[in-house]
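Examination of the molecular architecture
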Amino acid sequence: MMENPEQRVGVLYDGAPRYPAKTLDGRDYYLPPATVHFIGSNRFVVLDGIPPRYDVARGVAELEAALAPPAAPEPVTGEEVHDSPDA
Amino acid sequence: MASDLLQGIYVLQIARLSSAGYPMGQLLTPDAPVAGTVYSPYVVPAPVEYQPATPTWVEFESYARGKPRGRATPGISSLGTGTLVLAEDDDTFEALIKGKAVDTTTATAARIASGNFASNAPRRFLVGLTPIALAYDSVITYKTIWKWGYFSWNETGMNSGEGRNPNNRSYTFHPTLSPRTPFGQLFSAATVDPDNDTDSEYKMRDSAPFALTTYVDDNSGLTGGILLPYTPDYTEHAGAHNILYKNGSDAKASISGISGKTVTGTPGTSGDIWVLLTPSTEILSLAA
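Small disclaimer: the values here were computed from a predicted structure and weren't measured.

Moving on to the nonpolar core. All names here are of chain B. Core analysis: the biggest nonpolar cluster contains 22 residues, and Trp 146, Phe 183, Tyr 202, Met 204, Leu 212, Ile 243 and Leu 277 have the highest contact counts within it. Listing elements by their share of this core, those giving two or more residues are strand 9 (140-152), strand 11 (201-206), strand 12 (210-216), strand 14 (243-246) and strand 18 (273-279). Those residues within four positions of Ile 243 in sequence are excluded, and the remaining contacts are Phe 183, Met 204, Phe 210, Val 275, Leu 276 and Leu 277. Counting 19 residues, the second-largest nonpolar core is a separate cluster that includes Ile 97, Val 127, Trp 153 and Phe 173.

So, in structure tokens, the structure goes:
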């Protein structure tokens, strides 16, 4: 599980950048970032300068998965429903 | 007046070149960019001096009856080599010219770099050096001078020197000819029209250093805006200061706005290569 995924996402808000605290790979970096990848909805991630061989698409997919809200529990089926004794 | 005194190196930008001749920022695989990404050069923190290359000019002449007669040159036989001097040992710069990443994985709090002296693949760069350009009226402007080429390097030395810059690092620069301007236009179509449609030096003067940015289009990002590393001094996009090219052609008509660090416009096709040159005072203070 990726730690603090929201720290890795920047936003263009009213045309001004709110830079993320970490690169997509979770490293510190100096401002301004030289390599920025846009992931939709005015959001962006910072890629490492002189990056190691790195799969950006996979990194973004992992980030999106980490940012996604937890899935709602599946409705329970096949069980008999009893009235509450207090009803 | 267009005569000015060049002093200092206030900005040094270095970007990898793709095989097609476009600057691709710090991307170690410049022929394999990721769409929807802004790639910007490395801004070297401690440049001190560039000693220019001296081309070798071929000459032939006639001498007979004790007197010189005809003399001519067909041009140069070599571009020569220059020397770039940095005040500090810069592992990011070295990683870039050597094509190897700085390892911050083996020990996450350390920085580990290879000398890569067995390299067999010289990597080509677009290098932009910006001195002050001082005119007769003492108004300060900046001249950004672009060069294309590759570097060779030496072992790391050390000494017991004191005072200012006691242990400079020197790198040999091997200029090469480029078929494209810094913003990707083919020289064959360029107004400057150099002979043989190639060149190894290109000078641009404006009120601030030209900051270089490359954006690889993803067919959507420009709608909401893309992010430049340095704020342009001018918000115009009509061709006065900012140079906005896509795939080597003037594309300023596709740009609808420049605000702060954000450029908006009409997206192109995924994979289109935008190269933007924007005068920016901010690059002077943030090149740290």
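Attention shifts here to the pairing of strand 16 (residues 255-259) of chain B. Residues and elements named next belong to chain B. Direction of pairing for strand 16 relative to strand 17 (residues 262-265): antiparallel, over a ladder of four bridges. Within strand 17, the residue paired with Ile 255 across the bridge is Gly 265. Hairpin connection between strand 16 and strand 17: a loop of two residues separates the two successive antiparallel strands, and Gly 260 in this loop has a positive phi of roughly 60°.

Right, let's talk about the side chain of Arg 8 of chain A for a bit. Residue and element names in this part refer to chain A. Structurally, the position occupied by Arg 8 is in the segment before strand 1 (10-13). The side chain of Arg 8 is buried and forms no salt bridge, while Asp 25, the nearest opposite charge, is found at 5.7 Å. A polar contact is formed between the side chain of Arg 8 and the backbone oxygen of Leu 24, at a distance of 3.2 Å. Discounting residues that sit within four places of it in the chain, Arg 8 has contacts with Met 2, Glu 3, Pro 20, Lys 22, Thr 23, Leu 24, Asp 25, Gly 26, Phe 44, Val 45 and Leu 63.

So, on to the confidence of the model for chain A. Close inspection of predicted coordinates is inappropriate in any region flagged by low pLDDT. On average, residues of chain A score 80 in pLDDT, and 72% of them reach the 70 mark or higher. Taken element by element, the predicted model of chain A shows its lowest mean pLDDT in helix 1 (residues 56-67) of chain A (86) and its highest in strand 4 (residues 43-46) of chain A (94).

So, on to the environment of Gln 26 of chain B. By the secondary structure assignment, Gln 26 of chain B is in the loop between strand 1 (5-16) and strand 2 (37-39). In sequence terms Gln 26 of chain B and Arg 16 of chain B are 10 residues apart; their C-alpha atoms lie 6.0 Å from each other.

Residue and element names in this part refer to chain B. Its boundaries defined by the atoms lining it, the second largest pocket holds a volume of some 480 Å³. Mapped onto the lining of the second largest pocket, the elements with two or more residues apiece are strand 6 (67-78) and strand 10 (169-175). By residue number, the principal contributor to the lining of the second largest pocket is strand 6, which donates three residues. Looking at the lining of the second largest pocket residue by residue, the classes come out as 11 nonpolar, four polar and four charged.

Bringing helix 1 of chain A into the picture now. Residue and element names in this part refer to chain A. Between its first and last C-alpha, helix 1 extends 16 Å over 12 residues, near the 16 Å set by a 1.5 Å rise per residue. Within the sequence span of helix 1, burial applies to Val 56, Gly 59, Val 60, Leu 63 and Ala 66. Taken down its axis, helix 1 places every buried residue within 125° of arc, on the same side. More than 90 degrees from the buried face of helix 1, the exposed residues found are Ala 57, Arg 58 and Ala 65.

What counts and what doesn't
- Residues numbered from 1 in each chain as written.
- Chains lettered and ligands numbered in written order.
- Predicted model: local features only at pLDDT ≥ 70, side-chain atom pairs only at ≥ 80, totals over all residues.
- Heavy atoms only, no water.
- Core = buried A, V, L, I, M, F, W, Y, C linked by side-chain atoms within 4.5 Å.
- Buried < 20%, exposed > 50% of the residue type's maximum accessible area, 1.4 Å probe, protein only.
- Helix = DSSP H or I, 4+ residues; strand = E, 2+ residues; numbered from the N terminus.
- Contact = heavy atoms within 4.5 Å.
- Pairing = 2+ DSSP bridges.
- Lys, Arg positive; Asp, Glu negative; His and termini not counted.
- Salt bridge = Lys/Arg side-chain N within 4 Å of Asp/Glu carboxyl O.
- Polar contact = N/O pair within 3.5 Å; in protein donor to acceptor, adjacent residues only side chain to side chain.
- pLDDT = per-residue confidence, 0-100.
- 1 Å grid on protein atoms, 1.4 Å probe; cavity = no way out; pocket = protein on both sides within 12 Å on 5 of 7 lines; lining within 4 Å.
- Points joined across faces, edges and corners; volume = space filled by probe spheres on them.
- Nonpolar A, V, L, I, M, F, W, Y, C, P; charged D, E, K, R; others polar.
- Expected span 1.5 Å × (residues − 1).
- Arc of directions from axis to C-beta.

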